[in-house]
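Secondary and tertiary structure notes
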Amino acid sequence: MTALLAAQGLGKAYAQGGWRRVPPRPVLAGIDLAIAAGECVALIGRSGSGKSTLARLLMGLEAPDEGTVLFRGAPLAGLDRGGLTTFRAAIQMVLQDPLSAVNPRHRVGRILAEPLRHLTDLPPASRAARVAKLLEMVGLDPEAESRLPGQLSGGQVQRIGLARALATRPALVILDEAVSNLDAPRQVDILDRLADLRRRHGTAFLLVTHDIRLARRFADRVVVLSEGRIVDAAPCRPGLALSHPAARELLDAVLPSGPGGP
Amino acid sequence: MSARVLRAEGLSVETWRGREPVPLVRDVGLELRTGEVLALVGASGSGKSLACAALLDLLPPGTRRTGGQIVLDGTETEPAGLRGRAVASVLQAPRTAFNPLRTIGDHAAETPGKPGRAAMAEAFAAVGLGDDPRVPELYPFQMSGGMLQRAMIALALLSRAPFLIADEPTTDLDLVAQRRILDLLAGLVRARGLGLLVVTHDLGVVARLADRVAVIEAGRIVETGPVASLFADPRQPATRALLAAHRALHEIPVEVVA
């Protein structure tokens, strides 16, 4: 079966600043990763391991220096206008910093209707109903529609970002540290809502995080990124068995669940 | 200054909507003792950061303190006079807390008391930045989040204040960096007898670091006690909700509360 989204031999290097000729700094090398329809994969690693760069390449926000990203078997670079619209509707992303990901001058209703306007052929009359449905899916009041992002809490704006990503009924949602900075009750609430969505609509997820607890709770399998390479991968069930030192470091860093306990 | 006990009594903060006052922090009391870690825990928006800001007289515009006093070793003290003398603080987002145009050494030279080279070297060594002699010459953008947070703790140590307030000191860091910063703070409390107030929403941080815990909900302290009894026998719904979510993340089945 063709994977929904696949990376083949992806490599990326960023130019180093300054006027001296410094060779570009490689941030990703030889990345092979395939996400099947309905699958939930966690991409874990420390800050600076290349997680967000990989997410951006998979979204087509940046072009890789090496390798290709395949959407349902077709290289991203070769998609025509129609193909790109389908791709953008099918693959959506939620970013880490919710307030910087929305236009502060737009009301929530407009923010949520934007992907509907650009990426779907939903008639304008039906958009309002879809917006109301989206707010319900992420557990927000219908009145939130007329609010500005600044009038909502950080956790609420994060849920707006999530609702916007779900607007086009995507096949895959990439969550780039989208739940890491919420408090524990909100993390559990959002993960439970996403799991429910998965059950009902078969949406696939790529959870990008440094928190192995979130990965273990939510994903089918875990892929560990360290210094720009995939160093370890394992299914989450029955038990998460990771052996690479970078993965052990993340596991060992999990804070104790109780005083004096593990 | 060798104060022993810093007490905030009846701290209240409000904002206003039109003429209508809206209370944000209500009658909060906190007691910090040297050599001990007090954790102030609450969900987002519970008022924990505002309570700290009121303690230091650093309330943001649009809010005002309506009551409360700060007592240092039994003497009532002006909050503004505490900063940098009795209390040092470590902020949440190290990247925005530093001036991007000044080096770390410049920042250190600005701390009260005009520390000399030796004092700086000692403080950087205490936070684990002593191995690299270039650290004082680095600009914030040349350092990782974990290094910046260490540098901020070093600046706090330079003030020689006996109390340290750390507002979500590890929220922006990855788990590995978080663990190391928490180990560092625990070590400093032991070695220097600091009194630490750590503000957090993460009960993992509380379990790792705290001796006593105060739980805040809707601007009010609802429960205070030793860390062990709070985890073993939470009395308030707010505490139980935080614990239930915390344990759900650790995959420990939640006990049915009768």
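Residues numbered from 1 in each chain as written. Chains lettered and ligands numbered in written order. Predicted model: local features only at pLDDT ≥ 70, side-chain atom pairs only at ≥ 80, totals over all residues.

**Considering the overall build of chain A**
Going by this rule: Here a helix means four or more residues in a row that DSSP labels H or I, a strand means two or more in a row labelled E, and each is numbered from the N terminus. To get the radius of gyration, use the C-alpha atoms; to get the globule rule, take the number of residues to the power 0.38 and multiply by 2.2 Å. Three exposure classes are used, all based on how many other C-beta atoms lie within 10 Å of a residue's own C-beta (placed from the backbone): buried at 20 or more, exposed at 12 or fewer, and partly exposed between those limits.
In terms of helices and strands, chain A carries 8 helices and 10 strands. Relative to its length of 262 residues, chain A is compact, with a C-alpha radius of gyration of 19 Å against a globular reference of 18 Å. Seen along its three principal axes, the alpha-carbon backbone of chain A occupies a region of about 55 × 50 × 45 Å. Within the span of chain A, comprising 262 residues, buried residues form 43% of the whole.

**Points about the overall build of chain B**
As a reminder, the rule being used: With C-beta atoms placed from the backbone, a contact is any residue pair whose C-beta atoms sit within 7 Å.
Per the secondary structure count, chain B includes 9 helices and 10 strands. At 19 Å, chain B has a C-alpha radius of gyration in line with the 18 Å of a compact globule built from 258 residues. When the backbone C-alpha atoms are referred to their principal axes, chain B occupies close to 60 × 45 × 35 Å. Per-residue burial for chain B yields a buried fraction of 47% across its 258 residues. Look at the contacts in chain B between residues 6 or more apart in sequence, and 68% of them connect residues 24 or more apart.

**Section: helix 5 (residues 145-158) of chain B**
For clarity, the cut-off: Helix span, as expected, comes to 1.5 Å for every residue beyond the first.
Helix length check: helix 5 of chain B (14 residues) gives 20 Å between terminal C-alpha atoms against 20 Å at 1.5 Å per residue, within 8%. Looking one or two residues beyond helix 5 of chain B, the residue adopting positive phi is B:Arg160, at roughly 55 degrees.

**Focus: the pairing of strand 4 (residues 64-72) of chain B**
All names here are of chain B. Using the following cut-off: Only strands that DSSP links by at least two bridges are regarded as paired with each other.
Of the pairings in the sheet, the one linking strand 1 (residues 5-17) to strand 4 comprises 7 bridges and is antiparallel in character. Paired with Glu-14 across the two strands is Arg-64, which belongs to strand 4. Relative to strand 5 (residues 75-77), strand 4 is paired through 3 bridges, and the arrangement is antiparallel. Within strand 5, the position partnered with Ile-70 by the bridge is Thr-77. Hairpin geometry of strand 4 and strand 5 is characterised by an intervening segment of 2 residues between the two adjacent antiparallel strands and by a positive phi of about 45 degrees at Asp-73.

**Regarding the sheet that holds strand 5 (residues 74-75) of chain A**
Residue and element names in this part refer to chain A. With antiparallel pairing, the 4 strands of this open sheet are ordered in space as 2-1-4-5. In this open sheet, the two edge strands, each paired with only one partner strand, are strand 2 (25-35) and strand 5. Inspection of the sheet shows strand 1 (residues 5-14) paired to strand 4 (residues 66-71) by 5 bridges, in the antiparallel sense. In the sheet register, Gln-8 faces strand 4, and the bridge partner there is Thr-68.

**With respect to the UniProt feature "domain: ABC transporter" (unreviewed entry) in chain B**
What counts here: UniProt positions are given in the numbering used here, feature names are shortened, and annotations may be inferred rather than shown by experiment.
As recorded in UniProt, the sites labelled "domain: ABC transporter" (unreviewed entry) are residues 6-243 of chain B. Split by type, residues 6-243 of chain B is 34% helix and 30% strand. Its first and last C-alpha atoms lie 28 Å apart.

**What about the sheet that holds strand 2 (residues 20-33) of chain B?**
Residues and elements named next belong to chain B. To keep it simple, the criterion reads: Every angle, taken between N-to-C directions, lies between 0 and 180 degrees, and every axis is a line fitted to C-alpha atoms, over only the stretch in contact when it is a helix.
Pairing within the open sheet is antiparallel, and its 4 strands lie in the order 2-1-4-5. Each having just a single partner strand, strand 2 and strand 5 make up the two edges of the open sheet. Pairs of neighbouring strands in the sheet enclose a mean axial angle of 20 degrees, with direction left out of account. Packing of helix 1 (residues 48-55) onto the sheet brings it into contact with strand 1, strand 2 and strand 4, and relative to strand 1 it is tilted by some 115 degrees.

**A look at the packing of helix 6 (residues 184-201) of chain A against helix 9 (residues 237-249) of chain B**
The line we're drawing: If an angle is under 35 degrees, it is roughly parallel; if it is over 145, roughly antiparallel; if it lies from 65 to 115, roughly perpendicular; otherwise it is oblique. In this scheme, a crossing is called left-handed if the near helix is turned counterclockwise away from the far one by less than a right angle; it is called right-handed if the turn is clockwise. Ten residues, namely Ala, Val, Leu, Ile, Met, Phe, Trp, Tyr, Cys and Pro, are considered nonpolar, four, namely Asp, Glu, Lys and Arg, are considered charged, and the remaining ones, Gly among them, are considered polar.
Interaxial distance between helix 6 of chain A and helix 9 of chain B falls to 8 Å at its minimum, and their mutual angle equals 55 degrees. With respect to each other, helix 6 of chain A and helix 9 of chain B are oriented oblique. Seen from above, helix 6 of chain A lies across helix 9 of chain B with left-handed handedness. In contact with A:Ala184, A:Pro185, A:Gln187 and A:Val188 of helix 6 of chain A, helix 9 of chain B contributes B:Ala241, B:Leu242, B:Ala245, B:His246, B:Ala248 and B:Leu249. In terms of residue class, the contact of helix 6 of chain A with helix 9 of chain B is built from 8 nonpolar, 2 polar and no charged.

**Points about the interface of chain A and chain B**
Each side of the interface is counted separately: chain A has 24 residues, and chain B has 32 residues. Broken down by secondary-structure element, the contributors of at least two residues to the side of chain A that touches chain B are helix 5 (154-166), helix 6, helix 7 (212-218) and helix 8 (245-252) of chain A. Its residues placed into classes, the side of chain A that touches chain B shows 9 nonpolar, 9 polar and 6 charged.

**Comments concerning unusual backbone geometry**
Working note: non-glycine residues mostly have negative phi, and peptide bonds are mostly trans. At A:Glu227, a position not held by glycine, the phi torsion is positive, near 50 degrees. Along the polypeptide, A:Glu227 turns up in the loop between strand 9 (221-226) and strand 10 (229-235). In the Ramachandran plot, B:Asp57 falls in the positive-phi region, its phi being about 60 degrees despite a non-glycine side chain. With respect to the secondary-structure elements, B:Asp57 resides in the loop between helix 1 and strand 4.

**Description of the domain arrangement of chain B**
Residues and elements named next belong to chain B. Worth spelling out the cut-off: Domain ranges listed in this record stem from an automatic or a database domain assignment.
Assigned domains within chain B: domain 1 (5-86 + 162-249) and domain 2 (95-160). Using C-alpha coordinates to define each centre, domain 1 is positioned 25 Å away from domain 2. Each partner contributes to the interface: domain 1 provides 10 residues, whereas domain 2 provides 11 residues. Of the residues forming the side of domain 1 that touches domain 2, the biggest block, 5 residues, is contributed by helix 6 (residues 175-192). Residues of the side of domain 1 that touches domain 2, tallied by class, amount to 7 nonpolar, 1 polar and 2 charged.

**A short note on the packing of helix 4 (residues 117-126) of chain B against helix 5 of chain B**
All names here are of chain B. Their axes nearest at 8 Å, the elements helix 4 and helix 5 cross at an angle of 130 degrees. One finds that helix 4 runs oblique with respect to helix 5. As for the relative orientation of helix 4 and helix 5, their crossing is right-handed in sense. Residues Ala-119, Ala-123, Phe-124 and Ala-126 of helix 4 pack against Ala-154, Leu-157 and Leu-158 of helix 5.

**Topic: the environment of A:Leu79**
Residue and element names in this part refer to chain A. Structurally, the position occupied by Leu-79 is in the loop between strand 5 and helix 2 (81-90). Separated by 39 residues in the primary sequence, Leu-79 and His-118 have C-alpha atoms spaced 17 Å apart. Beyond its immediate stretch of four places on either side in the chain, Leu-79 contacts Ala-74, Leu-84 and Phe-87.

**A few points about the confidence of the model for chain A**
Interpretation of this model should avoid reading the predicted coordinates in detail wherever pLDDT is low. Defined as follows: On a range of 0 to 100, pLDDT expresses the predictor's confidence in each residue.
Taken over all residues, the pLDDT of chain A has a mean of 90, while the share at 70 or more is 98%. Within chain A, helix 6 of chain A has the poorest average pLDDT of any element, 88, and strand 4 of chain A the best, 96.

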